[in-house]
Each structure stands twice: as C-alpha cells, then as structure tokens.
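# Chains, contacts and geometry: an overview
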Amino acid sequence: MRKRNESVTVEHERAAAVPGPLDKGCSLRRSLRLPSSAAAEGMKRPLGRRYGLWFRLRKVILWLLGVYIAIPFLVKLCPAIQAKLVFLNFVRVPYFIDLKRPQDQGLNHTCNYYLQPEEDVTIGVWHTVPAALWKNARGKDQPWFEEALGSTHPVILYLHGNAGTRGGDHRVELYKVLSSLGYHVVTFDYRGWGDSIGSPSERGMTYDALHVFDWIKARSGDNPVYIWGHSLGTGVATNLVRRLCERETPPDALILESPFTNIREEARSHPFSIYRYFPGFDWFFLDPITTSGIKFANDENVKYISCSLLILHAEDDPVVPFHLGKKLYNIAVTSRSFRDYKVQFVPFHTDLGYRHKYIYRSPELPRILR
C-alpha cells in the first residue's frame, strides 16, 4: 500500500514538472513579456531624446533670432561699426605678405616708398615702371624710380577698393597688365590699410590720394596722368578729381571700374545685405553711415568733373550691381561739365565671368584704354 502511494506521488510530481500544451504556451508568453516599468522606460527614452533635441534646436534658433534683431540696434548706437563694415580695412588679404617687398608678388620692377600726407600719417606706396624700363629698374633705389616718372610714359594713379592691401592678387595682376601696356603705375594703401598708419575716413582717404597725385605731378613733368578707381576707390577717385577740377589742375582722364552712384545706394543694393528688407533699414543702417561722414557721392561729384571719363563694369558683378554703374554713366553723360569731353561706358557680358575684380583679364582692355 505504501509503495503504491509513493509511486502515485512520484508520477504526480513528474506530471507537474512537465508542462502541458496550455502551460507551455503560457510560460513562453510570460518569459517573453517585459515588466511594465521597463517597457514604459524604453518608450520614454526615444521620446525624451527627441524632445531634448528639439529643445536645443529651438534654443539655438531663438538665440540666432535675438542676435539678428539686436545687430541693427547695436549698429545704430555705434555708427563706428558701420564705418568699419564700409572700409573693411581690418581685412588684410592676402595674409603674411611683406608689403616692403613687392618682388615677392612677382613685381620685380616695383619700388616701395613711404610718404607722409599729414603729421602722424604714413602711407605705403608702390611704383611699378613700364615694361620698357624693366631691365633698367633691376636693383635700383627710390631716387631712380622717382626720376623715372619724368620719362615719356604716361602715369596711372590706382585707387583700390575696400578690404585687402595694395598687394591684393587681382590688383597685382592689373599692375602687370598696365605696366605691359607702357604705363607707370603708382598705387598706395590709404591710412589704416596695410602697413599705412592712421585712422580711415573718407576725408583722410581723399587727402591721401591728393597728396600722392601732387607727388606724382611734381616728378612727371608734362606726362599724362590718369586716375583709376576701383569699387570703393571710385568714390575716392571722384572726390579727388572734383577737387582737382575746382583748383583747375584736372587729370588727363578718369577711369572708374565697377563704380556705384553713392554709398547709400550701394549699401541698399548690395547682394550680401541680409537686412535689406528689415523694417527701418535706412534708419538702422544707412543713416549711421552718413553720421560717420561717409558719402562717396559719385553721382554728385561727376557734375563738377571736367575731363575724359571711362566707366568699366561687368554685368555679373556680385558686389556693385551693374545698374548702378549704368546709372552713374547716364548722370555723367547729361552733365554740363562733360560737354567738351568724351564719356564712355564699356560693359562686359556675363558670359565673360569678369564679375567684380577680373576686368583686367579682358583682351580688349588695351584697345579700350587707347
């Protein structure tokens, strides 16, 4: 009796140890089912990650928007900021060049000088001689170069635009082209640019140009002297020539490359102006320019200029829009001051790709200048 009961008990325990079909399925489901707390935590992680990313992105967007809105007020309160953006004299490109050594830029027939237009102001000057004098210029010092201005070759005073120095790549290439065409090229960095000493201003830039022009005329004799301004340098050029005409010592011709009408219209039309459609753009951005004494009023100056005028402008200019150069020409050609002088506008088609500073590449340039 006891053995039978023990066998029944053993069989019952074995049967309990081996799950039946229903028990087997339930135990699998139980083993695969995650605890409720772990499942909830797993769902929260991606949601929390997405929420955190969106929070950070929204924070960055709000920060950028705040800066965007704050900048106009900052410019309005500190007009000097806008003046620096007009001049960009703190942008020295190319970097790490020695302006005392123009030969490092491939100008072996160029001499570096320093002139002093005013007390506490010193400007760096480069003088490149015509191709016919290249061999004689090797190893010569400043007195030889100054005396060479009295040769029978015409002289071009080149006034560069904002940013960079007299050693800028496109500027150096233009000096080479003009030198190969038989011109002396005299260029300089305005006060505050390159290695020139002083604080930049429109009045100061114009006075520097006047000083260099008089320095050239004192050495060039009866040789023709032409003034070539590029971009912002066109504003300096028309300021200079207007003053020269008022004192009855005009240059032989004025060449304006990529000119604008005045600095307010240029700033309003500048493709890089992200605030162009900002409410109160004139009050926030243009009025501070005027407050800083910056006008560069080419459209007004040409009404008082009496010498031949040549305007060069590329249709694909991304910095100074083509229509501003054309508008300036239309103002000049109808001005009484030019009735006895030739006024010419030369456009360069978009397909040529000369943009803002590569007109020197034009094979037509020698013919145009002649």
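Residues numbered from 1 in each chain as written. Predicted model: local features only at pLDDT ≥ 70, side-chain atom pairs only at ≥ 80, totals over all residues. Heavy atoms only, no water.

The name given to the protein chain in an unreviewed UniProt entry is Lysophosphatidylserine lipase ABHD12, and the organism recorded there is Melospiza melodia. Regarding the protein chain, the UniProt comment filed under Sequence similarities (unreviewed entry) reads as follows: "Belongs to the serine esterase family." Recorded in UniProt for the protein chain, the comment headed Subcellular location (unreviewed entry) runs: "Endoplasmic reticulum membrane". (UniProt positions renumbered as here; feature names shortened; annotations may be inferred.)

## Thoughts on the nonpolar core
F87, L157, L159, F188, I227, L254 and F296 are the most contacted members of the largest nonpolar core, which has 62 residues in total. Leave out the neighbours within four places in its chain, and F188 touches I123, G124, V125, L157, Y158, L159, H160, R166, D208, A209 and V212. Core analysis: the second largest hydrophobic core is formed by 25 residues, L107, V172, L178 and Y360 among them. (Core = buried A, V, L, I, M, F, W, Y, C linked by side-chain atoms within 4.5 Å. Buried < 20%, exposed > 50% of the residue type's maximum accessible area, 1.4 Å probe, protein only. Contact = heavy atoms within 4.5 Å.)

## Structural notes on the state of the cysteines
A covalent bond between the sulfur atoms of two cysteines is referred to as a disulfide. Across all of its chains, the model carries zero disulfides by this definition. C245 takes part in no disulfide bond, and the closest cysteine sulfur to it belongs to C307, at a distance of 5.2 Å. We classify C245 as buried; its relative accessible area is 12%. (Disulfide = S-S within 2.5 Å.)

## Describing unusual backbone geometry
Omega for the peptide link from V93 to P94 comes to -5 degrees, which places this bond in the cis form. By the secondary structure assignment, P94 is in the loop between α4 (79-87) and β1 (110-118). The phi angle at L88 is positive, at roughly 50 degrees, despite the residue not being glycine. Examined against the element boundaries, L88 turns out to sit in the loop between α4 and β1. Under the relative-accessibility criterion, L88 is labelled partly exposed at 24%. (Helix = DSSP H or I, 4+ residues; strand = E, 2+ residues; numbered from the N terminus.)

## Things to note about the packing of helix α8 (residues 202-220) against helix α9 (residues 232-246)
For the pair α8 and α9, the least separation of the axes is 9 Å and the interaxial angle reads 60 degrees. Put simply, α8 runs oblique to α9. Our pair here, α8 against α9, has a crossing hand that is right-handed. Residue-level contacts link E202, M205, T206, Y207, A209, L210 and F213 of α8 to L232, V236, N239, L240, R243 and L244 of α9. In terms of residue class, the contact of α8 with α9 is made up of nine nonpolar, two polar and two charged. (Axes fitted to C-alpha atoms, helices over the stretch in contact; angles between N-to-C directions. Parallel < 35°, antiparallel > 145°, perpendicular 65-115°, else oblique. Left-handed = near helix turned anticlockwise from the far one by under 90°. Nonpolar A, V, L, I, M, F, W, Y, C, P; charged D, E, K, R; others polar.)

## Focus: the side chain of S337
Tracing the backbone through its elements, the reader meets S337 in the loop between α13 (322-333) and β8 (343-348). Residue classification places S337 among the buried residues on the basis of a relative accessible area of 17%. Separated by 3.4 Å, the side chain of S337 and the backbone oxygen of K303 make a polar contact. Of the polar contacts made by the side chain of S337, one reaches the backbone oxygen of I305; its length is 2.8 Å. Excluding its chain neighbours within four sequence positions, the residues that come into contact with S337 are V302, K303, Y304, I305 and S306. (Polar contact = N/O pair within 3.5 Å; in protein donor to acceptor, adjacent residues only side chain to side chain.)

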